Amino acid sequence: MSSNLPFPHYPPKHNWYNRGTWPAHWVICHGAEQPPAVAAYRLRFTLTAATRIALYVTADERYELFCDGVRLGRGPERGDPRHWFYETYTLDLSGGEHLLTARVWALGDLAPVAQMSVHPGFLLCPAEERFWDLLATGRAPWEAKLLSGFSFTPPMSAIFVGHKQVLDGTQYGWGFERGEGPGWQSARVLALGATAGANNELPADSHFLLPAALPPRLDEPRWLGTVRNISAPALSETHSIPVRAADHLAEEEPAWAGLLHGANEVTLPPNTRRRVIIDLEDYYCLYPEWVVSGGQGGSLRLQFQESLFANPATWDKGHRGEVEGKFFTMIWRNTDGLGDSFKLNGGEQRRLDTLWWNAGRYVEVLLETSNQPLTIHSVLWHETRYPLEAQSAFQADDQRLDKVFKLGVRALQMCAHETYMDCPFYEQMLYAGDGRLECLVTYALTEDDRLPRKVLQLFDWSRLPEGLTQSRYPSRIRQMIPPFSLWWVAMVSDYLLWRGDPAFVRSLLPGVRAVLDAFTHLREADGLVRSPEGWNYVDWVPAWDSGIPPGGLPGEICGPINWQYVLALRLSAGLETYCGDNELAVRWQRLAVETARALTERYWDEERGLFADDASHTIFTEHSQCLAVLSGLIPAQHQDLISRNLFSAGDLTRPTVYFMHYFFEACRELDRMDVFFERMQAWFEMSELDFKTTYETDPPAGTRSDCHAWGAHPLFHYFSSVLGIRPIAPGFEVVEIAPQLGPLQRAAAQMVHPRGRVDVEAEVTPQGLRVRISLPKGVKGVLRRGEQLIDLVVGYSGEIVLP
């Protein structure tokens, strides 16, 4: 019997068609069948003695769970219909009366695009049979009611994050979490729950349930913010009103500053409008929680931005820490910003919160009162993200690297939630190209690999019949970027090297083979792959239409895509060898060699000593040189020429922030990490402009996204290229250390490893490069400098000077 069955002995007389059935039903509130709808559920129950109860909980689309009025958590963890996650909560309850409540919402087409759905509903089931009749939905007397008052506004240029809420407090069911208010009625019972992969006969519109793969997201209440400006605007629409010191109501600032840090309340008199610009002083993903009284007929609007705009005509943001003369507006739209609004009903101690979080550094608060004063009792912000913290550390004698380290860690944290995300403000989507770089940075920073494992599975689950993974997943809108499928193959290889777990890797091999077969099917007699159908994005090069390189349209021949195919083939040959399928390993290696030979014949330009991107040898890019070098299958004499010419030719198309990872990989491979430091200037400029996270693409003044974790990849290179700490055997069983300090005189790192920690310090001395090394117990290594190799015994700890 499958080990993931939460109820292995239910039903008592199970057959092939009902195996995996749950002893609880999905339920739904009457009237909540068609999104958008928000509903509350409640169950009163009595315990005869103090008891510990484990509950399995999920919903479609989202829920908040409360016990006795206190929120226990949010969920479910994001998946897809065939992999629908449930959370486990363990409650220690006293004897007596208790109350379970939940707020459940389904927004349908208005939800974030990454939010998939089967049908709205709520499911709760105790783990133990003795509590099923007492607590399980569909068995216990659960009640539900619609929570009225919600309407939703489009997210404008934040295209995929979902509609933002407008809550009319005069219609809302205040106190639902305490089971209060009228309108409760018995919840309607739907189908039984069913475990993914176990139940053999279910309707198509079923949820296939899996236990959550990740720990709960951070839910940390914080007092945050500095008041940058308080004004009394003449209009409710503020996007065209610059923030000016001349308008600042300085006498009100101390009260607002105290409010933001829990020191006092603020009361607005009747018939007042206030605009408050708050600088959170770092980038955050937040659920707001404002507690207010009074203010009947008034309103509160909370809008977020990553930066204010110096020039809405050009979308120039300028220095991110400056607000004077800037506009709080929405890029490309020139409208009021992104956020949520509340219409106040005048009640006491109203807790104003949101269904989903917002992101950014700046908050614009717009308050308006009518005939009744409004008192703001408290302002809390609940930070939410995956609980990722940097366990590795890096030090160097160039302090600029430390500043970038902080930006990269924060960017990765802000883009790590129930999946990785490209960016928290504009899309909140998991892309394979971004995801590979985010996984690599994660391996370098923390021993926690649960998020990378989930990402690998999600893309495997996304595959279409022709074999390719979707470019982003989960997603209600299907998008295909075929080169991203090849990067997913590389992600599987990365996982094997950095973390191991052969059984997990073997489970992904059918998907790896399907991706390679899909590309191999497009090889023609000349040995080269034709560009697949789809958006063949490679990099946001300004000269490339939509990031598509020369030859990237369907049916054409594209040099970079073919080199990427060669790299994926070679990596897959290594996967197959390790997992024991030597026949497939030979096949992939043969195809890699043949394709590399065909690429060399077509694109090598002897005069320039570089690979061209077109058959007429008129287009040359750094992208092709980098991927050719990383393929490991070009002639040694060609690699020597590329090593000289790649860094001196001034007319090559250069990569942008994302693809610079592969440029840096080529720098390492060619022993030219001096160029890494030259190209790091873009990241050093981020610090100078007061970015709090790494951005999406050049130029920084007008980049769309100020928080894009693909830009955190230099952190990976601090450890793995500057100090050269890398696995050269699956599971990091053998550590290679190959320092290339470039202009640095000293660098050191304490880097996580599956068996402990790798410590490396490298310092330039008159005698040569002095390297101090400490390896974990049971792990051996190799110290490399150029052609010089020194074997390091298991658990080595000592110092070596390389002349």
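Structural notes, computed from the coordinates. Just so it is clear, the structure is predicted and the values come from calculations on it, not from any experiment. The written sequence of each chain sets the order in which its residues are numbered from 1. At least 70 in pLDDT is required for a residue's local features to be given in this predicted model, at least 80 for side-chain atom pairs to be given and counted, and no such filter applies to totals for whole chains, interfaces and linings, which use all residues. To get the side-chain values, take all heavy atoms of the structure and skip hydrogens and water.

**Observations regarding the pattern of salt bridges**
Think of a salt bridge as a Lys or Arg side-chain nitrogen and an Asp or Glu carboxyl oxygen that are within 4 Å of each other. Counted by the stated rule, this structure contains 63 salt bridges. Where E364 meets R275, a salt bridge forms, and the shortest distance between an N and an O atom there is 2.7 Å. Of this pair, E364 sits in strand β22 (residues 358–368) while R275 sits in strand β18 (residues 273–294), and the two are 89 residues apart along the sequence. Residues joined by salt bridges that share partners form a network here, namely E64, R71, R74, R103, E177, R178, E180, D219, R351 and D353. By the criteria applied, helices consist of DSSP H or I runs no shorter than four residues and strands consist of E runs no shorter than two, each listed in order from the N terminus.

**Overview of the side chain of N562**
Relative to the elements of secondary structure, N562 occurs in helix α8 (residues 559–579). Relative accessibility decides the category of a residue: with a 1.4 Å probe and only protein chains considered, values under 20% of the type maximum give buried, values over 50% give exposed, and everything between is partly exposed. Here N562 falls in the buried class, since its relative accessible area comes to 0%. The contact criterion used throughout is that any non-hydrogen atoms of two residues lie within 4.5 Å. In this structure, N562 is in contact with L528, V529, I557, T595 and L599, ignoring residues within four places of it in sequence.

**Here's the deal with the sheet that holds strand β27 (residues 725–727)**
Here four strands make up an open sheet; going across it, the order is β27-β28-β32-β33 and the pairing mixed. A single partner strand is all that each edge strand has here, and the edge strands are β27 and β33 (788–792). Between one strand axis and the next, the sheet turns by 25 degrees as a mean value, whatever way the strands run. At least two bridges found by DSSP between two strands is the condition for calling them paired. For strand β28 (residues 734–737) and strand β32 (residues 780–785), the ladder comprises four bridges, and the chain directions are parallel. When the sheet's bridge partners are listed, V735 is paired in β32 with G781. With axes taken as lines fitted to C-alpha atoms, and helix axes fitted only over the stretch in contact, angles between N-to-C directions fall between 0 and 180 degrees.

**Observations regarding the packing of aromatic side chains**
Each Phe, Tyr or Trp ring, with Trp reduced to its six-membered ring, pairs with another whose centre is within 6.5 Å; inter-plane angles below 30 degrees give stacked pairs, above 60 give edge-to-face pairs, and intermediate values give tilted ones. Under the counting rule described, the total for this entry stands at 49 aromatic pairs. The interplanar angle of 90 degrees and the centroid separation of 6.1 Å between the aromatic rings of F304 and W381 together place this pair among those described as edge-to-face. One end of the pair, F304, is in strand β19 (residues 299–305); the other, W381, is in strand β23 (residues 374–383), and 77 residues separate them in sequence. The class of F304 is buried, set by a relative accessible area of 1%. When its relative accessible area of 0% is taken as the criterion, W381 is described as buried. Ring centres 5.2 Å apart and planes at 75 degrees place the aromatic pair W498 and F732 in the edge-to-face group. You can see W498 sitting in helix α6 (residues 482–498) and its partner F732 sitting in the loop between β27 and β28, a full 234 residues away along the chain. The buried category is assigned to W498, whose relative accessible area is 4%. Classification of F732 as buried rests on a relative accessible area of 0%. Put simply, the rings of F484, W487, W535, Y537, W540, Y658, F659, Y662 and W710 pair up and form one aromatic cluster. Seen from the ring of F504, R453 lies directly overhead, with NZ or CZ sitting 4.0 Å from the centre. Between the NZ or CZ atom of R608 and the centre of the ring of F620, over which it lies, the distance is 4.6 Å. Ring-over charges, as used throughout, are those where CZ of Arg or NZ of Lys falls within 6 Å of the ring centre and within 35 degrees of the ring normal.

**Concerning the nonpolar core**
In plain words, nonpolar cores are sets of buried Ala, Val, Leu, Ile, Met, Phe, Trp, Tyr and Cys residues tied together by side-chain atoms within 4.5 Å. Ranked by size, the top nonpolar core spans 218 residues in total, and within it W256, W290, F394 and W488 carry the most contacts. Those residues in contact with W256, other than ones at most four positions away along the chain, are V227, I230, V266, L268, V276, W290, L367 and I376. Among the nonpolar cores identified, the runner-up in size contains 31 residues, and V27, Y41, L65 and A187 belong to it.

**Examining the sheet that holds strand β4 (residues 62–67)**
Think of a sheet as strands paired side by side through backbone hydrogen bonds, with each pair either parallel or antiparallel. The antiparallel open sheet is built from six strands, whose spatial order is β5-β4-β7-β2-β9-β12. Only two strands of the sheet have a single partner each, and these edge strands are β5 (70–75) and β12 (185–186). As paired elements, strand β2 (residues 37–47) and strand β7 (residues 96–106) share 11 bridges and run antiparallel to each other. Each bridged residue has a counterpart across the sheet, and for F45 the counterpart in β7 is H98.

**Points about helix α9 (residues 582–603)**
Between its first and last C-alpha, α9 extends 31 Å over 22 residues, near the 32 Å set by a 1.5 Å rise per residue. Where α9 is buried, its residues meet α7 (502–520), α8, β25 (604–605), β26 (610–611) and α11 (636–645). The span you would expect from a helix comes to 1.5 Å times its residue count less one.

**What to know about helix α12 (residues 660–669)**
The buried fraction of α12 is high, at nine of 10 residues. After α12 finishes, the residue D671 shows a positive phi value of roughly 55 degrees.

**Here we look at the pairing of β18**
Counting buried positions along β18 gives 19 out of 22 residues, so the element sits mostly inside the fold. Sheet topology note: the strand β16 (residues 226–231)/β18 ladder contains five bridges and is antiparallel. Paired with S231 across the strands is R275, a residue of β18. Both β18 and β22 contribute to a ladder of 10 bridges, which runs antiparallel. Within the sheet, the bridge partner assigned to R275 lies in β22 and is L366. In this sheet, β23 lies alongside β18 in antiparallel orientation, the contact comprising nine bridges. Within β23, the residue paired with Y287 across the bridge is H382.

**Some points on the packing of helix α3 (residues 399–414) against helix α15 (residues 714–722)**
It is at 9 Å that the axes of α3 and α15 come closest, and there the two elements cross at 125 degrees. Put simply, α3 runs oblique to α15. Together, L401, V404, F405, G408 and V409 of α3 and L715, Y718 and F719 of α15 make up the contact between the two elements. Oblique is the label for any angle not under 35 degrees, not over 145, and not in the 65 to 115 range, which are roughly parallel, roughly antiparallel and roughly perpendicular in turn.

**Let's talk about the side chain of D60**
Here D60 is to be found in strand β3 (residues 51–60). No salt bridge is formed by the buried D60. Its closest oppositely charged neighbour is R62, at 9.3 Å. In this structure, D60 is in contact with W26, W84, V104, W105, A106, M116, S117, V118, H119, P120, G121 and H207, ignoring residues within four places of it in sequence. We treat Lys and Arg as the positive residues and Asp and Glu as the negative residues; His and chain ends play no part in the count.

**Examining the environment of M330**
For M330, the location among the structural elements is in the loop between β19 and β20 (338–343). A residue is classified by how much of its surface remains accessible, and M330, at 0% relative accessible area, is buried. Along the primary structure M330 and E220 are separated by 110 residues, whereas in three dimensions their C-alpha atoms are 28 Å apart. Ignoring anything within four residues of it in the chain, the contact list for M330 reads P155, M156, S157, A158, Q305, W315, T335, D336, G337, L338, F425 and Y426.

**Brief notes about unusual backbone geometry**
At the junction of Y10 and P11, the peptide bond is cis and its omega measures out at -5 degrees in the coordinates. Within the secondary structure layout, P11 lies in the segment before β1 (21–28). Following D60, the chain continues to E61 via a peptide bond in cis, the omega torsion being 15 degrees. Here E61 shows up in the loop between β3 and β4. Look at M156: it is not a glycine, yet its phi comes out positive at around 60 degrees. Counting through the fold element by element, M156 comes out in the loop between β10 (150–153) and β11 (164–168). Its identity as a non-glycine residue notwithstanding, N271 has a phi of 55 degrees, on the positive side. With respect to the helices and strands, N271 occurs in the loop between β17 (266–268) and β18. Here N271 falls in the exposed class, since its relative accessible area comes to 58%.

Interpretation in functional terms is not warranted from these geometric data alone.
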